[in-house]
Amino acid sequence: MAALRAGGKRALAEALALIERAGGEAEVAALIDEAFLAPRAHVIGFTGPPGVGKSTLIDALVRSWRASGVTVGVIAVDPSSQITRGALLGDRIRMRTDPEDQGVFVRSLASRGRLGGLSELAFPAVVLMRAIYDRVVVETVGVGQSEAEISAVADSVVLCVQPGSGDSLQFMKAGIMEIPDIAVVTKSDMGPPARRALADLKGALGLASGGGEVAALMLSVPKGEGLAELAAALDARFAAGGEADWTTRRHAQAESWLRTSLLHRFGEEGVAAAGAAARLAPGAAPFGLRQALADRLRVIYQG
Ligand SMILES: Nc1nc2c(ncn2[C@@H]2O[C@H](COP(=O)(O)OP(=O)(O)OP(=O)(O)O)[C@@H](O)[C@H]2O)c(=O)[nH]1
Ligand SMILES: [Mg+2]
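In this report, the structure presented in the accompanying data block is examined. Everything numeric here is computed off the predicted structure, so don't read it as measured data.

Here is what the cut-offs are and how they apply
Residues numbered from 1 in each chain as written. Chains lettered and ligands numbered in written order. Predicted model: local features only at pLDDT ≥ 70, side-chain atom pairs only at ≥ 80, totals over all residues. Heavy atoms only, no water. Helix = DSSP H or I, 4+ residues; strand = E, 2+ residues; numbered from the N terminus. Expected span 1.5 Å × (residues − 1). Buried < 20%, exposed > 50% of the residue type's maximum accessible area, 1.4 Å probe, protein only. Arc of directions from axis to C-beta. Contact = heavy atoms within 4.5 Å. Pairing = 2+ DSSP bridges. Polar contact = N/O pair within 3.5 Å; in protein donor to acceptor, adjacent residues only side chain to side chain. Axes fitted to C-alpha atoms, helices over the stretch in contact; angles between N-to-C directions. Left-handed = near helix turned anticlockwise from the far one by under 90°. Nonpolar A, V, L, I, M, F, W, Y, C, P; charged D, E, K, R; others polar.

1. What about helix 2 (residues 25-36)?
So, step 1. Here helix 2 contains twelve residues, and its C-alpha end-to-end distance of 14 Å is more than 12% below the 16 Å for a straight helix at 1.5 Å per residue.
So, step 2. If you check which residues of helix 2 are buried, you get Glu25, Val28, Ala29, Ile32, Asp33, Ala35 and Phe36. Down the axis of helix 2, the buried side of the element spans an arc of 165°, and every buried residue falls inside it. In helix 2, the exposed positions angled more than 90 degrees off the buried face are occupied by Glu27 and Ala30.
So, step 3. Looking at the buried residues of helix 2, the elements they touch are helix 1 (2-20), helix 6 (118-130), helix 10 (227-274) and helix 11 (287-301).

Dropping the structure here:
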């Protein structure tokens, strides 16, 4: 871990490349376990339909964080990258960060050639980065599956909707409104449609949560509106959680990652065969355990 922190962006990029390669994470399991036990970042997931303004927003947040000395790691995960071979990812990130700045790291992750879903790949990457930076940001595109996937890796989920899109109603129908911790209307410089979208969003959130505890706000990157409010809302949420709460959430994520990973590789039977061994003890890390269980199951299933 010390070596990874000292190795800077290059060492991290090498570790992430191993995670991305099928079977490669075995080589870094011990490192990821170490990182799992040394978290520091608030992990924030941004989700929402294509073109809503996620990357533009993330870029603006990263620049304001960097201006106050806060370090940030950004990962963009793209479910369509299996088809596009990640070609779109470069465009999707839209980051204008200084490559010399060691305090910001941006990487896209493609799930090509890998079993399992987005979160199965993103979780170890997030775990590594959250031991290094002050904030970790995960961007996923799409509506539906990706919201659930992002809450499996993030501490906080920000759902982005666009003025004039009717997104809120669609999301509510799809049951997505139960997932965000903060919801934002982007492009508030569009005027009245943005204000209407915010009203719709508040309505949808109020219905979904039964009380409307989810913060909803609107923002514009070109106007610089709402960005400080979003950053403050995120910080307040992280501070309010407290260490024990975050540990509990991350433990649950780790245990579910472990089971999902075994399920994808060995099916229901494999999970059943692993039995209680696939339970993660309090304070334990999942990556080495996953390797050990996979090695054992491979003998049984010749997988
Ligand atoms: N007017 C206005 N346009 C914006 C704002 N934020 C983003 N945009 C524009 O919206 C378009 C899409 O922005 P992106 O940040 O790439 O959106 P995204 O959600 O990351 O898109 P995908 O990654 O493809 O899903 C770009 O043309 C941006 O310039 C905003 O606050 N106001
Ligand atoms: Mg984007």
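Resuming the write-up.
2. Some remarks on unusual backbone geometry
So, step 1. Residues other than glycine seldom take positive phi values, yet Lys187 does so here, at roughly 60°.
So, step 2. Relative to the helices and strands, Lys187 resides in the loop between strand 6 (182-185) and helix 9 (192-209).
So, step 3. What makes Lys187 partly exposed here is its relative accessible area of 27%.

3. So, the pairing of strand 6
So, step 1. Residues Ile182 and Val184 of strand 6 are buried on one face, and the alternating residues Ala183 and Val185, pointing to the opposite face, are buried as well.
So, step 2. Sheet topology places strand 5 (residues 156-161) next to strand 6; four bridges connect them, and they run parallel. The residue bridging Cys160 from the neighbouring strand is Val184, located in strand 6.
So, step 3. When strand 6 meets strand 7 (residues 215-218), the two strands line up parallel, connected through four bridges. Paired with Ile182 across the strands is Ala215, a residue of strand 7.

4. Here's the deal with the side chain of His251
So, step 1. Tracing the backbone shows His251 in helix 10.
So, step 2. At a separation of 3.0 Å, a polar atom in the side chain of His251 contacts the main-chain carbonyl oxygen of Leu280.
So, step 3. Apart from residues no more than four positions distant in its own chain, His251 is found in contact with Phe36, Leu280, Ala281, Pro282, Gly283 and Ala284.

5. Re the packing of helix 10 against helix 11
So, step 1. Where helix 10 meets helix 11, the closest approach of the two axes is 10 Å, and the angle between their N-to-C directions is 35°. When the axes of helix 10 and helix 11 are compared, the crossing they make is left-handed. Taken together, the residues of helix 11 that come into contact with helix 10 (itself represented by Trp257, Leu258, Ser261, Leu262, Arg265, Phe266, Glu269, Gly270, Ala273 and Ala274) are Phe287, Leu289, Arg290, Leu293, Ala294, Leu297, Arg298 and Tyr301.
So, step 2. Residues that form the contact of helix 10 with helix 11 fall into these classes: twelve nonpolar, two polar and four charged.

6. A short note on the sheet that holds strand 6
Sheet strands pair by backbone hydrogen bonding; their relative direction is either parallel or antiparallel.
So, step 1. With parallel pairing, seven strands are arranged side by side in an open sheet as 3-2-4-1-5-6-7. Both outer strands of the open sheet, strand 3 (104-109) and strand 7, are each paired with one neighbouring strand and no more. On average, each strand axis in the sheet is tilted by 20° relative to the strand beside it, whichever way the strands run.
So, step 2. Looking at chain direction, strand 1 (residues 42-47) and strand 4 (residues 135-140) are connected through five bridges and run parallel. Within the sheet, the bridge partner assigned to His42 lies in strand 4 and is Arg135.
So, step 3. Contacts from helix 6 reach strand 1, strand 2 (72-77), strand 3 and strand 4, with the element oriented near 170° to strand 2.
So, step 4. Across the face of the sheet, helix 10 comes into contact with strand 1, strand 4, strand 5, strand 6 and strand 7 while running at roughly 120° to strand 1.

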